Amino acid sequence: MIDWRIHNADVTESTNIDARKGLHGDVFTAKMQTRGKGRLDHKWLSPPNENLLVSIVLDVNGIDVAEVATLPLVAGLSVAEALSGFIQDVRIKWPNDVWVKGKKICGILCERNHDNVIVGIGVNVKQREFPPPIGKTATSLFLENAPEEFLEPQGVLRELLKKIEANYSQWKASSFKELHKRITSFDLLKGRDISVRQTDDDNDIVSGRCEGISEDGSLIVGSTKIYAGEAHVIQ
Ligand code: BTN
């Protein structure tokens, strides 16, 4: 049982920054971020009061680094399972986005902080319009017709914490392998032709048929295992 301690702010720079002072079980939310952080040094933009912006502190002390690297997928699974309770066609897009019907509804940014990992999660809840360039590739619980009670960020957070608690506990007690089958059932990329950019280098791209997520959390493209990168569906 995790003793969640929830700290709600109206405005903050980034909940991932707030979470640096947290311990295992601390949860930092904000109604608005002035410097929301996305993966690969992108910004995470969200209008005030509309979306879930949360950072959860989880202890990974003593866990092998290769296993810690699978925690973002465990977080993705938890979001996917929580959202599946109120909308359909939820998928995990490796390494850790959650998509619905070809559009992104959630981004996850995990950062190591000493013995902990800060799991930063942004879920689009009430947002009705998305500005360019993400306009056509983003969605929200509102746009996916979620029931009224899940159109509040705090309602979504409650469901999410239940899933994180269960999945993190299972992951810690056993391993990522135990969760692999459930993650695979949400896999958006398996069986599709994709290209994965592994670094900032435009030449560092692997393309081919995606064979899915392996038991160590890497993505299998053709016969290559990829441990980090940004995937794009070609077909
Ligand atoms: C991505 O690039 O897809 C990851 C986005 C992660 C955004 C969330 S919002 C709450 C937390 N605080 C941040 O500054 N970023 C994460």
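Note that the coordinates shown come from a computational prediction; the quantities given were computed from them, not determined experimentally.

Enquirer: Whenever I open this one, the overall build of the chain confuses me. Can you help?
Expert: When helices and strands are counted, the chain shows five helices and twelve strands. Taking 235 residues into account, the globule formula puts the C-alpha radius of gyration at 18 Å, and the chain, at 17 Å, falls close to it. Of the roughly 11600 Å² of accessible surface on the chain, a fraction of 50% belongs to carbon and sulfur atoms. Of the side-chain charges in the chain, 29 are positive and 33 negative, and the distance between the mean point of each set is 2 Å.

Enquirer: Where do I start with the site of the ligand in this structure?
Expert: The ligand sits among 20 residues. The nearest are Ser14, Gln33, Lys37, Arg39 and Lys104. Contacts to the ligand include Ser14, whose side-chain N or O atom sits 2.7 Å from an oxygen atom. Here Gln33 contributes a side-chain N or O atom positioned 2.9 Å from a nitrogen atom of the ligand. Contact with the protein chains removes 97% of the 420 Å² of surface that the ligand exposes when unbound. Among the secondary structure elements, those contributing two or more residues to the shell around the ligand are α1 (15-18), β3 (52-59), β6 (103-113) and β7 (116-123). Per-element tally for the shell around the ligand: the top contributor is β6, with four residues. When its residues are assigned to classes, the shell around the ligand shows six nonpolar, ten polar and four charged.

Enquirer: When you look at the pattern of salt bridges in this model, what are you seeing that I'm missing?
Expert: Pairing between side chains of opposite charge can happen when the charged atoms of each approach one another. Under the definition given, this model contains 14 salt bridges. The partner of Lys101 in a salt bridge is Glu144, with the nearest N and O atoms 3.1 Å apart. Of the two residues, Lys101 sits in the loop between β5 (97-100) and β6 while Glu144 sits in the loop between β7 and α4 (153-173), which places them 43 residues apart along the sequence. What makes Lys101 exposed here is its relative accessible area of 54%. The network of salt bridges with shared partners includes Asp3, Arg5 and Asp26.

Enquirer: What is the right way to look at the nonpolar core in this model?
Expert: One broad rule of soluble globular proteins: the nonpolar side chains tend to lie buried together. Core analysis: the biggest nonpolar cluster contains 61 residues, and Ile56, Leu83, Ile121 and Leu141 have the highest contact counts within it. Other than its neighbours up to four places away in sequence, Ile56 contacts Trp4, Asp26, Val27, Val117, Ile118, Val119, Ile121, Leu161 and Ile164.

Enquirer: In this structure, what is going on with the packing of α4 against helix α5 (residues 177-184)? I would like to understand it.
Expert: Working note: a packed helix pair is described by the angle between its axes plus the distance between those axes. Look at α4 against α5: their axes get within 8 Å of each other, and the N-to-C directions meet at 140°. In terms of their interaxial angle, α4 and α5 are classed as oblique. The segment α4 lies against α5, with Asn167, Gln170 and Trp171 engaging Glu178, Leu179 and Arg182. Considered class by class, the residues forming the contact of α4 with α5 number two nonpolar, two polar and two charged.

Enquirer: What should I look at first to understand the environment of Val117 in this one?
Expert: By the element assignment, Val117 lies in strand β7. Linking Val117 and Val68, residues 49 residues apart in sequence, is a C-alpha distance of 8.4 Å. In contact with Val117, not counting residues within four places along its chain, are Ile56, Val57, Leu58, Val60, Val68, Leu71, Cys110, Glu111 and Arg112.

Enquirer: Which parts of the structure should I look at to understand the sheet that holds strand β2 (residues 26-33)?
Expert: Taken in spatial order, the seven strands of this open sheet run β1-β2-β3-β7-β6-β5-β4, and their pairing is mixed. Two strands lie at the open edges of the sheet, namely β1 (5-12) and β4 (90-93), each paired on one side alone. Averaged over neighbouring strand pairs, the angle between their axes works out to 20° when direction is ignored. For β4 and β5, the ladder comprises four bridges, and the chain directions are antiparallel. Note on β5: the bridge partner recorded for Ile92 is Val98.

Enquirer: Sorry, what's going on with the pairing of strand β9 (residues 205-213) here?
Expert: Put simply, side chains in a regular strand alternate between the two faces of the sheet. Pairing of strand β8 (residues 193-197) with β9 involves five bridges; the strand directions are antiparallel. Of the residues in β9, the one forming a bridge with Val196 is Val206. Pairing analysis gives three bridges linking β9 to strand β10 (residues 219-221), with the strands arranged antiparallel. Pairing of Cys210 across the sheet is with Val221, part of β10.

Basis of the calculations
- Residues numbered from 1 in each chain as written.
- Predicted model: local features only at pLDDT ≥ 70, side-chain atom pairs only at ≥ 80, totals over all residues.
- Heavy atoms only, no water.
- Helix = DSSP H or I, 4+ residues; strand = E, 2+ residues; numbered from the N terminus.
- Rg over C-alpha atoms; globule rule 2.2 N^0.38 Å.
- Areas by Shrake-Rupley, 256 points an atom, 1.4 Å probe, with all protein chains shown as cover.
- Lys, Arg positive; Asp, Glu negative; His and termini not counted.
- Charge placed at Lys NZ, Arg CZ, Asp CG, Glu CD.
- Near = heavy atom within 4 Å.
- Polar contact = N/O pair within 3.5 Å; in protein donor to acceptor, adjacent residues only side chain to side chain.
- Nonpolar A, V, L, I, M, F, W, Y, C, P; charged D, E, K, R; others polar.
- Salt bridge = Lys/Arg side-chain N within 4 Å of Asp/Glu carboxyl O.
- Buried < 20%, exposed > 50% of the residue type's maximum accessible area, 1.4 Å probe, protein only.
- Core = buried A, V, L, I, M, F, W, Y, C linked by side-chain atoms within 4.5 Å.
- Contact = heavy atoms within 4.5 Å.
- Axes fitted to C-alpha atoms, helices over the stretch in contact; angles between N-to-C directions.
- Parallel < 35°, antiparallel > 145°, perpendicular 65-115°, else oblique.
- Pairing = 2+ DSSP bridges.

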